[in-house]
Amino acid sequence: MRGWFRTLMLPVFCLGLAWPAAAQAPADDPDRDPNNAQPDFYVATLPTTLRMPVHKMSFRLSHRFLHTLGDGDFSDLLSRFFGFDGGAQIGLELRYGLFKGAQVGVYRTSDRTIQFFGQYDIRQQKPDGSPIGVDLVVNVDGTDNFSDQYSPGVALVLSREVSDRAALYVEPAFIGNTNQINTTDDDHTVVVGLGTRVRVAKNTFLFLEGSPRIAGYKPAVGLISFGIEKRAGGHMFQLNFSNGFATTLAQVARGGTANDDWYIGFNLSRKFF
């Protein structure tokens, strides 16, 4: 699978090396303006079409507690402090604006999975132009600190902003090497991510996303996440509930644990622009 990685990612990194170092974002770069319909680069696990300003960065911390909320009765839930006393899967991401419309990044989870990704803005939604935004995302996961089991993926992110109050997403994706156990069966998964985010107050949002698998390897159940989030300046804090603890594209393709398993978690992001 190392050949997959080189094939997918080499053009992205070559573009970064070839881009003139002197190129700077203009002082009035609209990509630096707050977006009330798309305040972050993710819904919960699905990417959005929010653009990264040139040569700027953002950081994301994801946290998924591994103890289900439905294990035991309410007193058991209280004794475990709603799952906070158990272990968690943690992820750290750094994202960078490579050139106008393009962003790259790296994300590592505490199960030692590393994901490299690149995203390019093909088309922006405009009042007098395209009715939707379209981004292309390419990435690859590697387990054991990117030394084993590579899972390349490609996705189209289609977004529709509804005034400055909401955004809708449809995200078809193909992910290879999702079956890491039995290679005699399907070794890929086709996912169509569906998501929405609604601004219910000045800086408060509700969101919902699901990732049904429509072809290929489909273990367990499709991943679903919902919750609430709050924006404070360049920070975004999200409290989420999911039927699994996947956060990379390949993990999402492998699904959640069960329909009646719900885990509490959060995302915390910081934009440096």
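Which residues make up the overall build of the protein chain, and what are the values?
Within the protein chain one finds four helices and 13 strands. Taking all 273 residues of the protein chain together, 47% fall into the buried category. Partitioning the intrachain contacts of the protein chain with sequence separation of at least 6 by distance along the chain shows that 55% fall at a separation of at least 24. About 12,800 Å² of surface is accessible on the protein chain, with carbon and sulfur atoms providing 63% of the total.

Go over a nonpolar patch on the surface with me, naming the residues and quoting the values.
The grouping of Met57, Phe59, Ile90, Leu92, Leu94, Val106 and Phe272 at the surface amounts to a nonpolar patch, some 550 Å² of accessible area in total. Counting residues per element, the nonpolar patch draws most heavily on strand 2 (residues 88-99), which supplies three residues. Secondary-structure assignment places valine 106 in strand 3 (residues 102-109).

Can you tell me about the pattern of salt bridges, naming the residues and giving the values?
The tally for this structure, following the rule as stated, stands at ten salt bridges. When the shortest N-O distance is used, the salt bridge between lysine 100 and aspartate 29 registers 3.4 Å. Taken together, the residues span a long stretch of sequence, with lysine 100 in the loop between strand 2 and strand 3 and aspartate 29 in the loop between helix 1 (2-18) and strand 1 (57-65) at a distance of 71 residues. Given a relative accessible area of 43%, lysine 100 falls into the partly exposed group. When salt bridges with common partners are traced through the structure, they connect Asp29, Asp31, Arg51, Lys100 and Asp121 into a single cluster.

Which residues make up unusual backbone geometry, and what values do they have?
Positive phi outside glycine occurs at histidine 55, with the angle close to 65°. Among the structural elements, histidine 55 can be located in the loop between helix 1 and strand 1. With relative accessibility at 24%, the residue histidine 55 sits in the partly exposed group. A positive phi is found at serine 163, a non-glycine position, where the angle reads about 55°. Looking at the element boundaries, serine 163 is found in the loop between strand 6 (148-162) and strand 7 (166-176).

Report on the nonpolar core, specifying residues and quantitative values.
In this structure, Tyr169, Ala173 and Ile175 are the most contacted members of the largest nonpolar core, which totals 14 residues. Listing elements by their share of this core, those giving two or more residues are strand 6, strand 7 and helix 4 (249-254). Counting residues per element, this core draws most heavily on strand 7, which supplies four residues. Residues Tyr42, Leu50, Met52 and Phe117 belong to the second largest nonpolar core, which totals five residues.

Tell me about empty space enclosed by the protein, residues and numbers included.
Across all of its chains, the model carries three cavities of 30 Å³ or more by this definition. Volume-wise, the largest cavity comes out at about 160 Å³. Lining of the largest cavity is provided by 14 residues; of these, Tyr42, Thr45, Pro47, Gln115 and Asn139 occupy positions nearest its centre. Looking at the lining of the largest cavity, the elements that each hand over two or more residues are strand 4 (114-123), strand 5 (133-142) and helix 4. Take the lining of the largest cavity: its biggest share by element is three residues, from strand 4.

So what's going on with the side chain of histidine 63? Residues and values would help.
Inspection of the secondary structure assignment puts histidine 63 in strand 1. Not counting residues up to four positions away in its chain, the partners in contact with histidine 63 are Ala88, Gln89, Ile90, Gly265, Phe266 and Asn267.

Kindly report on the packing of aromatic side chains, identifying the contributing residues and their values.
On inspection of all chains with the given rule, the structure shows seven aromatic pairs. Consider the rings of phenylalanine 116 and phenylalanine 146, whose centres lie 5.0 Å apart with planes at 90°: the pair is edge-to-face. Taken together, the positions of phenylalanine 116 in strand 4 and phenylalanine 146 in helix 3 (residues 143-146) put the pair 30 residues apart, joining distant regions of the chain. Under the relative-accessibility criterion, phenylalanine 116 is labelled partly exposed at 22%. Taking the relative accessible area as the measure of exposure, phenylalanine 146 reaches 16% and is therefore buried. Ring centres 5.6 Å apart and planes at 65° place the aromatic pair phenylalanine 226 and tryptophan 262 in the edge-to-face group. Residue phenylalanine 226 is found in strand 11 (residues 223-232), and its partner tryptophan 262 is found in the loop between helix 4 and strand 13 (263-272); the two are separated by 36 residues along the sequence.

About the thresholds
- Residues numbered from 1 in each chain as written.
- Predicted model: local features only at pLDDT ≥ 70, side-chain atom pairs only at ≥ 80, totals over all residues.
- Heavy atoms only, no water.
- Helix = DSSP H or I, 4+ residues; strand = E, 2+ residues; numbered from the N terminus.
- Buried < 20%, exposed > 50% of the residue type's maximum accessible area, 1.4 Å probe, protein only.
- Contact = heavy atoms within 4.5 Å.
- Areas by Shrake-Rupley, 256 points an atom, 1.4 Å probe, with all protein chains shown as cover.
- Patch = residues over 30% accessible without salt bridge, like charges linked within 9 Å, V, L, I, M, F, W, Y side chains within 5 Å.
- Salt bridge = Lys/Arg side-chain N within 4 Å of Asp/Glu carboxyl O.
- Core = buried A, V, L, I, M, F, W, Y, C linked by side-chain atoms within 4.5 Å.
- 1 Å grid on protein atoms, 1.4 Å probe; cavity = no way out; pocket = protein on both sides within 12 Å on 5 of 7 lines; lining within 4 Å.
- Points joined across faces, edges and corners; volume = space filled by probe spheres on them.
- Phe/Tyr/Trp six-rings, centres within 6.5 Å; stacked < 30°, edge-to-face > 60°.

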